[in-house]
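So the chains spell out like this:
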Amino acid sequence: MSHFHRELVECPYCFNEEEIVIWDSVDAGLEPDLKEKIFQKDLQNFYCQNCNRVYLLEKPFFYIDRGKKLIFYYSPGHGDFNKEESRQANGSLREDLASELPTDFAFPLEGFRLRLVSSYNHLIEKIHIFDEGSNDRIIEVVKVALDQRIRHDQKIRSQESEPDLPLDLLFLSQAQNQLIFQFLKEDGQWDQVALEEQVYKQALALLESFLPEEGAWDIVDRTYAGLLSHYASESL
C-alpha cells in the first residue's frame, strides 16, 4: 500500500508554514487515484493558505506497480547519477552507485524493473511507456534518432543552423501502429510527432540481445541510449 508522512513546509513566497502530506510511496495498483494525481502533477503540490500560491514540491517518492513489476524512484537529488561517468560501457548505472539505492520493499524484487528518475516529466513518461507495454530502453534509442530527424527538418524549414541542444522528447502513447511523442519548441509550446511502430520493432530486434538483465537500479535516458548503441555497434 501507499505510504506518507506529514511535514512542516514553508512557502518560499510569503514564508507561511503549514503541515502537509508528503508521499513516500505510491502503490498504483491499489490506489489508481494517486497515479492520476501524478499525471496531473498534483501529488506533491503545496497550496499556501496565506498567499494562495501553488508549487510542486521536489520531494522524492517511489512509484510502485506490482502487477507490471515496476518501481520508479523519483529523486531530484540524484541528478549527478545522470552523467556518463556514472555509467558502465553498456549504459547501465555503475554497480557501486546502484547498490546505494533502496531495495527493502517488504516483497521480493525478482523480475522487477527498477528505474531512477530525477525529472517529474520523465517519471510520467516512464509510466506511459510501460502502460503501453513498451520497453523504455528501446524507446530512448528511438528518441535519439527521432530527435535528429526533427532538428534536421526544422533546419531545412528555417534555413538556420541546427540547434546544439537535444530536444526534450517525451513518449505519450501508442495508437494505430504509431508511437506518439511530444517535444518543447523554441517558442515554449509543446508539439507532437508520430513515429511508425515498425521503427521501434526494428530497434528492439537489433538491440534486445545487448540489453542488461533487469533486477538492479538503472537510469534509462539519453545517455543510456547513446552508450548502449555504441556498445552494441562495437560488439557486432
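See above for the structure.
As the structure is a prediction and not an experimental result, all values here were calculated from the model.

Asks: Outline the sheet that holds strand β8 (residues 170-175), supporting the account with residue identities and numerical values.
Replies: On the basis of which strands lie adjacent, the open sheet formed by three strands has the order β8-β9-β10 and antiparallel pairing. Only two strands of the sheet have a single neighbouring strand rather than two, namely β8 and β10 (190-196). When the angles between neighbouring strand axes are averaged without regard to direction, this sheet yields 30°. Sheet analysis places β8 next to strand β9 (residues 178-184), joined by five bridges and oriented antiparallel. Note that in β9 the partner of Gln174 across the bridge is Leu179.

Asks: Lay out the packing of aromatic side chains in plain terms, naming residues and giving numbers.
Replies: To describe a pair of aromatic rings, you give the distance between the ring centres and the angle between the ring planes. One pass over the structure, following the stated rule, counts 16 aromatic pairs. Seen from their ring centres, Phe61 and Tyr74 are 5.5 Å apart, and the 55° between their planes marks the pair as tilted. Taken together, the residues Phe61 in strand β5 (residues 61-65) and Tyr74 in strand β6 (residues 70-74) connect sequence positions 13 residues apart. Residue classification places Phe61 among the buried residues on the basis of a relative accessible area of 1%. For Tyr74, a relative accessible area of 2% corresponds to the buried category. Ring geometry for Phe62 and Phe105: centres 5.1 Å apart, planes at 85°, overall edge-to-face.

Asks: Explain the environment of Phe107 residue by residue, including any values.
Replies: Note that Phe107 resides in the loop between α2 (95-98) and β7 (113-117). Residue classification places Phe107 among the buried residues on the basis of a relative accessible area of 18%. The spacing of Phe107 and His78 is 29 residues in sequence and 24 Å in space, taken between C-alpha atoms. Look past the residues within four positions of Phe107 in its chain and what remains in contact with it is Ile64, Arg66, Ile71 and Phe112.

Asks: Tell me about the pairing of strand β2 (residues 17-27), and please be specific about residues and values.
Replies: Bridging between strand β1 (residues 3-10) and β2 involves eight bridges; their strand directions are antiparallel. Bridging across to β2, Arg6 finds its partner in Val21. The sheet contact formed by β2 and β5 spans three bridges and is parallel. Among the inter-strand pairings, Asp27 is bridged to a residue of β5, identified as Ile64.

Here is what the cut-offs are and how they apply
Residues numbered from 1 in each chain as written. Predicted model: local features only at pLDDT ≥ 70, side-chain atom pairs only at ≥ 80, totals over all residues. Heavy atoms only, no water. Pairing = 2+ DSSP bridges. Helix = DSSP H or I, 4+ residues; strand = E, 2+ residues; numbered from the N terminus. Axes fitted to C-alpha atoms, helices over the stretch in contact; angles between N-to-C directions. Phe/Tyr/Trp six-rings, centres within 6.5 Å; stacked < 30°, edge-to-face > 60°. Buried < 20%, exposed > 50% of the residue type's maximum accessible area, 1.4 Å probe, protein only. Contact = heavy atoms within 4.5 Å.

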